[in-house]
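Spelled out, the chains give:
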Amino acid sequence: MNPQKLSAKTKDVGGIPVARLIPQAGRRTIGAWCFLDHAGPAEFNAFSDGLQIGLHPHTNLQTFTWMLEGELWHQDSLGHRQLIRPKQVNLMTAGTGDTHGIAHTEQTPEGVKNLHAVQLWIALPMNQDIKPDFQHYPELPEWEDNGVRYILTTGRYQGRTAPTAQHSPLLGVDIQCPNAAKLDIPANPSWEYGVLVIAGKVRINGETFGADELAFIAAGQAESFSLQAEAGSHFMLLGGELLPRPTLIWWNFVADSREALRRAIEDWNNGSARFGSEIDLNGTRLTRLPAPEMPGK
């Protein structure tokens, strides 16, 4: 087994360091996971408004927010307004096809001075008619085994099942090792896997991965693999069944063709009812973000 090492491209977003692991040239997806950002950890000064992301749309995907520190308000065009706290998941579904979509905003509450989260997208199976939706998961399976701490964010692992809804088979496990540990990770040989290192270092098949690096394990490589973690390591294990077709991403849209991406851009910029009810932004610092035009290639 030869894991592929992917290093993050890090940008400053409103004073928050955001490390993007996928998509990038070397790897577009891990199963249906098609986007992976590690946001923070960030400390806001007394004059900062924190994170303020204006109204923006999504198509053919789910946003999966895994909160580590701080708090964040979610508000969407279906009428949901939900505060997410550490050890909780927000799962927003845009729906599939040219008639479905969703829009939302994200804000740190007044007085909250830190933020640390993992933000993922899940490409939806576009051969299914999936309606827009939003679910908040305040409690997830959490346990300790041989000094290693686990939280199951989605899927099944070590005989436990997360309540998180799925439209394709996926796995997400948050793992913390206060002490040095060796873990034997069971794997489905037909799946792809990724290990995102949030803090510390892990070693897989002789290769060392540090913070904001991703170990990608292609399908067909192993029915299990071993991982050695140094004391204080924190990482996320991701896995999933391969996508049946290529997935295209532009800005906040996922589609199976360039034409579908163009329609999403036009629909959003022209105020189509496809994206649900407009959210009242009066009295906030937020704006409605226009979709940029798609390049020729």
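Thresholds applied
- Residues numbered from 1 in each chain as written.
- Predicted model: local features only at pLDDT ≥ 70, side-chain atom pairs only at ≥ 80, totals over all residues.
- Heavy atoms only, no water.
- UniProt positions renumbered as here; feature names shortened; annotations may be inferred.
- Pairing = 2+ DSSP bridges.
- Helix = DSSP H or I, 4+ residues; strand = E, 2+ residues; numbered from the N terminus.
- Axes fitted to C-alpha atoms, helices over the stretch in contact; angles between N-to-C directions.
- Buried < 20%, exposed > 50% of the residue type's maximum accessible area, 1.4 Å probe, protein only.
- Contact = heavy atoms within 4.5 Å.
- Phe/Tyr/Trp six-rings, centres within 6.5 Å; stacked < 30°, edge-to-face > 60°.
- Lys NZ or Arg CZ within 6 Å of the ring centre and 35° of its normal.
- Expected span 1.5 Å × (residues − 1).
- Arc of directions from axis to C-beta.
- Polar contact = N/O pair within 3.5 Å; in protein donor to acceptor, adjacent residues only side chain to side chain.
- Salt bridge = Lys/Arg side-chain N within 4 Å of Asp/Glu carboxyl O.

The name an unreviewed UniProt entry gives the chain is Quercetin 2,3-dioxygenase, with Neisseria weaveri as the organism. UniProt, in the comment section headed Sequence similarities (unreviewed entry), describes the chain in these words: "Belongs to the pirin family."

Caption draft 1: Spatial organisation of the sheet that holds strand β10 (residues 102-107). Within the open sheet, the four strands sit side by side as β5-β10-β7-β8. Their pairing is antiparallel. The outermost strands of the open sheet, each flanked by one partner alone, are β5 (52-58) and β8 (81-84). Geometrically, the sheet is characterised by an average inter-axis angle of 20 degrees between neighbouring strands, direction not taken into account.

Caption draft 2: Up close: the sheet that holds strand β18 (residues 181-186). With respect to topology, four strands assemble into an open sheet ordered β18-β23-β20-β21, the strand pairing being antiparallel. Only two strands of the sheet have a single neighbouring strand rather than two, namely β18 and β21 (207-209). Neighbour to neighbour, the strand axes of the sheet diverge by 30 degrees on average, direction disregarded. With two bridges joining them, strand β20 (residues 202-204) and strand β23 (residues 224-229) adopt antiparallel strand pairing. The residue of β23 that forms the bridge with valine 202 is alanine 229.

Caption draft 3: Region of the structure containing the UniProt feature "binding site: Fe cation" (unreviewed entry) in the chain. UniProt marks His56, His58, His104 and Glu106 with the feature "binding site: Fe cation" (unreviewed entry), using the numbering shown here. Across 51 residues in sequence, these annotated residues keep their C-alpha atoms within 13.5 Å of one another, forming a single compact spot. Secondary-structure assignment places histidine 58 in strand β5. With a relative accessible area of 2%, histidine 58 lands in the buried category. If near-sequence neighbours (up to four positions away) are discounted, histidine 58 is found in contact with Thr63, Met92, Ala94, Gly101, Ile102, His104, Trp121, Asn252, Phe253 and Phe275.

Caption draft 4: Unusual backbone geometry, seen in detail. For the bond from isoleucine 22 to proline 23, the omega torsion is 5 degrees, close enough to zero to count as cis. Along the chain, proline 23 turns up in the loop between β3 (16-22) and β4 (33-43). Residues other than glycine seldom take positive phi values, yet lysine 87 does so here, at roughly 70 degrees. Checked against the element boundaries, lysine 87 lands in the loop between β8 and β9 (89-93). Phi is positive for glutamine 158, close to 50 degrees, though the residue is something other than glycine. Inspection of the secondary structure assignment puts glutamine 158 in the loop between β15 (156-157) and β16 (160-161).

Caption draft 5: Main features of the packing of aromatic side chains. All chains considered together, the criterion is met by nine aromatic pairs. Judged by centre distance (5.3 Å) and plane angle (90 degrees), the ring pair of tryptophan 33 and phenylalanine 64 falls under edge-to-face. Residue tryptophan 33 is located in strand β4, and its partner phenylalanine 64 is located in strand β6 (residues 61-70); the two are separated by 31 residues in the primary sequence. The class of phenylalanine 64 is buried, set by a relative accessible area of 0%. An aromatic cluster is defined as three or more aromatic residues linked by ring pairs; in this entry it consists of Trp251, Phe253, Trp268 and Phe275. Across the ring face of phenylalanine 209, the terminal group of lysine 5 is positioned such that the distance to the ring centre comes to 5.3 Å. Over the face of the ring belonging to phenylalanine 216 we find arginine 27, whose NZ or CZ atom lies 3.8 Å from the ring centre.

Caption draft 6: Here's a closer look at helix α1 (residues 258-269). Over its twelve residues, α1 extends 17 Å from the first C-alpha to the last, a length consistent with the 16 Å expected when each residue adds 1.5 Å. Restricting attention to buried positions, one finds in α1 the residues Ala260, Leu261, Ala264, Ile265 and Trp268. All buried residues of α1 project into a common sector of 140 degrees when viewed along the axis, lining one side. Looking at the residues trailing α1, positive phi occurs at glycine 271, about 75 degrees.

Caption draft 7: The arrangement of the environment of threonine 93 in detail. For threonine 93, the location among the structural elements is in strand β9. Classification of threonine 93 as buried rests on a relative accessible area of 5%. A C-alpha to C-alpha distance of 5.9 Å links threonine 93 and phenylalanine 134, two positions 41 residues apart in sequence. Look past the residues within four positions of threonine 93 in its chain and what remains in contact with it is Leu61, Gln62, Ile102, Leu124, Ile130, Lys131, Pro132 and Asp133. Reaching out from threonine 93, the side chain makes a polar contact with the side chain of glutamine 62 at a distance of 2.9 Å.

Caption draft 8: Seen up close, the pattern of salt bridges. Overall, the coordinates contain ten salt bridges when judged by the stated rule. Across the pair lysine 5 and glutamate 213 runs a salt bridge, and its minimum N-O distance is 3.8 Å. With lysine 5 in strand β1 (residues 4-7) and glutamate 213 in strand β22 (residues 213-217), the pair connects residues that are 208 residues apart, well separated along the chain. Residue classification places glutamate 213 among the buried positions, given a relative accessible area of 18%. The partner of glutamate 142 in a salt bridge is lysine 87, and the shortest N-O contact between them spans 2.8 Å. With glutamate 142 in strand β13 (residues 142-145) and lysine 87 in the loop between β8 and β9, this residue pair connects regions lying 55 residues apart in the sequence. Owing to a relative accessible area of 43%, lysine 87 belongs among the partly exposed residues under this scheme.

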